[in-house]
Structures are given as structure tokens and as C-alpha cells.
Amino acid sequence: MEWTVKTLRLKSFAKINLGLEVLGLRSDGYHELRTLFQTIDLYDDVVLRPRPRGITVRCDHPQVPTDGSNLAVRAAEALARHARVRRGVEIAITKRIPVAAGLGGGSSNAAAVLLGLDHLWGVGLGPAGLHPLARRLGADVPFFLLGGTALGLARGDEVYPLWRQVRARAVVVDPGRPVSTAAVFRRVDQSLTPRENGYTIFRFVSRYLEGEGGFNALSNDLEDAALSEAPDLRAAVGRIRGILEGEGCSLASLSGSGSSFFGLFDEARKAGRARKALAAAGFRAFGCRTLSLESYRRAWFRSLGRE
Ligand code: C5P
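The shown structure was predicted, so the numbers you read here are calculated from the model rather than taken from an experiment.

Pairing between side chains of opposite charge can happen when their charged atoms approach one another. For the coordinates displayed, the defined rule picks out 23 salt bridges. Aspartate 45 serves as the salt-bridge partner of arginine 96, at 2.7 Å between the closest nitrogen and oxygen. Taken together, the residues span a long stretch of sequence, with arginine 96 in the loop between β4 (88-94) and α2 (105-120) and aspartate 45 in strand β2 (residues 31-51) at a distance of 51 residues. You can call aspartate 45 partly exposed: its relative accessible area is 23%. With its nearest N and O atoms 3.9 Å apart, the salt bridge here joins glutamate 245 to arginine 241. Residue glutamate 245 and its partner arginine 241 are located together in helix α7 (residues 234-246), separated by four residues, close to a single helical turn. By relative accessible area, which is 26% here, arginine 241 ends up partly exposed.

Following this line, the structure appears as C-alpha cells:
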């Protein structure tokens, strides 16, 4: 077989949850969710260098493991096993997405590795064929095979893109305090009344698809549990929310299980002012744009063209 060494340089984007409802505990130990995912243009670099044998990872962030527990390594191993590929890869990750912050960084890196190696190794499963592998790696991984604005059901791993994509500015604040997702979900159980279904997000989506706004109807059911898990964040979150709302955001919310917090803005000017005000108050704030399904796909194809 002809052996051509190509290097793939991928952008691995972050997500925010515009809304999140927890309905109850499932028999598999996970929680039944209704969530609205949104990719943003904050990204990590993931570089894939083909090697004859062995799967390794390097990362510039001290909190990211570089052994077999790294989700990107597990993604590569899962695809190699599934497709009976006996080649190796060296994965290099440069982190910009805050770690353990509810922004899906690790899941996004894993999805980038699946999509990248599917191409590099000539497996050809594509996003739909990779879905079963992605959902075994983590509940948020399938969303990153598609990106954009999408409804997430079940464990968050049943993903439905919206035909009207959210176009807005987001200001994301990283309080620099990692929070364990599993611990937040365990805490949510203490105050959870199980329900058959949740309608806040469905109602928002149907109205949104008819051309209305109404982001302020959305919220995150994990917020109280996250702040009980990390009570030291309560005062900071109050200040962050105050600044975002003071600058006229259409939604201020925790992302995922936290601890990052974001504001959504319909005008770049307001978002810029909020980012500056947060930075002046000593917070690490990122100014971002939402990334639509189409932009996500375009970024992906551009990466493949740069082989
Ligand atoms: O799937 P992932 O490993 O990203 O999830 C991290 C943890 O979050 C899980 O171990 C589980 O405790 C919790 N979780 C949950 N229900 C979901 C998603 C995640 O309980 N739908």
C-alpha cells in the first residue's frame, strides 16, 4: 500500500448550552435531558500526524491527561478498533477552551479526532456512521460531529439541528474553577422531581423557528446544583450576571454543568462593552460569535483542504 504522510490541522470548537432541562435519572445512570446546544468560535487546535504504529497525545495544558484516559486517545482507539485499522497517530492539542468548564472542550477534541482520522485513515464513515462510536465516548461528543444550533435529547446524544440557526455574539466568562460534571448531576438528584417531558426548550424552539426571539425564557436546570457544588462561585456568578444584564444581553446563563457563564447579545457593540466591563472587574472573558451548522461544516472542509 502506498504510504503518504499527511498532517491534518483541525479547529475544535467549543459549545454553550443556551438552555438545559433535566427530567430525571435514567436506568443507565445518566440523566434524561432537553438541551439546546450552540457552537461558538472559541477553539482548540488539534493536529493529527500519522504514525506507522501507536496512538499518543500531547497537550500544552497541565490539567489534560496525556495517557489512555484522554478522550481524544480513546476516540482514536475506538475508531482503529471499529475499522480494524492498524496504523498510529500522534495527536497534539493546543488548548484555548477552558478545561472542565461546561464548554465541551474534551468532547469536541474527541469528535475532531473521529472526523479527522475517519478521513486520514480513509475509513469513510462520515458523521452519521461515527455517531455510535461518539455516543459511547461521551454524551456531548455526537453534537460535535455536526455543530451549529441543535436540540439535544435523551442523554444529550440524540441531536437535531435547527433549520434556523442562532446568529449572535456571546461573551463567555471562565471563573477558572473546574467543576466535576458527575458531581453536579449527583447533586441535582437531591432536588429533582422526575417528569415525563420538559417543554421550556420545545416551546422556545417552536417559537424561534417561527421567527421570534425570547431567549430570556431559557435557563439551565444545573445552575443551582453547580453553585452548591462550588459555593465559592456564587458571589462571582452574581457579579458576572449583573454585568451581562447591565449591558443588555438577551440571555445570561451557566453553560453545561459550569463553571463557565455566558451572555448572549444581538449587537456586537453591547457584547464588546460587556467583555471590557468583565475584564475590568478582573474576569477572564472571551468575545465570541455563534457558529452556525453551515460555518461549522465550512471550517471542517477548509481543514481537510489544508492537508
Ligand atoms: O458522558 P460524559 O462522560 O461527558 O458525562 C459526564 C458525567 O455527567 C457522566 O458520568 C454522568 O455522571 C453525567 N451525565 C448525566 N446525564 C447526562 C450527561 C452526563 O448524568 N445526560
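The next thing to look at is the site of the ligand. Around the ligand, a shell composed of Tyr30, His31, Leu33, Gly138, Ala139, Arg155, Thr181, Ala182 and Phe185 is seen. Tyrosine 30 places a side-chain nitrogen or oxygen 3.0 Å from an oxygen atom of the ligand. Take arginine 155: an N or O atom from its main chain is 3.0 Å from a nitrogen atom of the ligand. For the ligand, the accessible surface in isolation is 450 Å², of which the surrounding protein chains cover 73%. Structurally, the ligand is housed in the largest pocket. Those elements that place two or more of their residues in the shell around the ligand are β2 and α4 (181-188).

Turning to the packing of α7 against helix α8 (residues 268-280), a few remarks are in order. Running from N to C, α7 and α8 cross one another at 150°; their axes reach a closest spacing of 9 Å. Considered as vectors, α7 and α8 are oriented roughly antiparallel to each other. Where α7 crosses over α8, the two elements pack in a sense that is right-handed. Across the interface between the two elements, Ile240, Ile243 and Leu244 of α7 pack against Ala274, Ala277 and Leu278 of α8.

What the rule picks out here adds up to seven aromatic pairs. Ring centres of phenylalanine 204 and tyrosine 208 lie 5.5 Å apart, and the angle between their planes is 20°; this geometry places the pair in the stacked category. Of this pair, phenylalanine 204 and tyrosine 208 both sit in helix α5 (residues 200-209), separated by four residues, roughly a single helical turn. Pair check on accessibility: phenylalanine 204 and tyrosine 208 agree, each one buried. The interplanar angle of 45° and the centroid separation of 5.1 Å between the aromatic rings of phenylalanine 204 and phenylalanine 215 together place this pair among those described as tilted. In this pair, phenylalanine 204 sits in helix α5 while phenylalanine 215 sits in the loop between α5 and α6 (223-229), placing the two residues eleven residues apart along the sequence. Neither residue differs from the other here; phenylalanine 204 and phenylalanine 215 are each classed as buried. Grouping aromatic residues by their ring pairs yields a cluster made of Phe13, Tyr43 and Tyr296. Residue placement shows arginine 155 over the ring face of tyrosine 30; its charged tip is 4.2 Å from the ring centre. In this structure, arginine 164 is placed above the aromatic ring of tyrosine 208, and the distance from its NZ or CZ to the ring centre is 4.0 Å.

Another point: the environment of arginine 187. In this fold, arginine 187 is placed in helix α4. The sequence separation of arginine 187 and alanine 226 amounts to 39 residues, and the corresponding C-alpha distance is 8.0 Å. Ignoring anything within four residues of it in the chain, the contact list for arginine 187 reads Ala225, Ser228 and Glu229.

Cut-offs and rules
Residues numbered from 1 in each chain as written. Predicted model: local features only at pLDDT ≥ 70, side-chain atom pairs only at ≥ 80, totals over all residues. Heavy atoms only, no water. Salt bridge = Lys/Arg side-chain N within 4 Å of Asp/Glu carboxyl O. Helix = DSSP H or I, 4+ residues; strand = E, 2+ residues; numbered from the N terminus. Buried < 20%, exposed > 50% of the residue type's maximum accessible area, 1.4 Å probe, protein only. Near = heavy atom within 4 Å. Polar contact = N/O pair within 3.5 Å; in protein donor to acceptor, adjacent residues only side chain to side chain. Areas by Shrake-Rupley, 256 points an atom, 1.4 Å probe, with all protein chains shown as cover. 1 Å grid on protein atoms, 1.4 Å probe; cavity = no way out; pocket = protein on both sides within 12 Å on 5 of 7 lines; lining within 4 Å. Sits in = over half its atoms within 2 Å of the grid points. Axes fitted to C-alpha atoms, helices over the stretch in contact; angles between N-to-C directions. Parallel < 35°, antiparallel > 145°, perpendicular 65-115°, else oblique. Left-handed = near helix turned anticlockwise from the far one by under 90°. Contact = heavy atoms within 4.5 Å. Phe/Tyr/Trp six-rings, centres within 6.5 Å; stacked < 30°, edge-to-face > 60°. Lys NZ or Arg CZ within 6 Å of the ring centre and 35° of its normal.

All we've got here are geometric facts, nothing functional implied.
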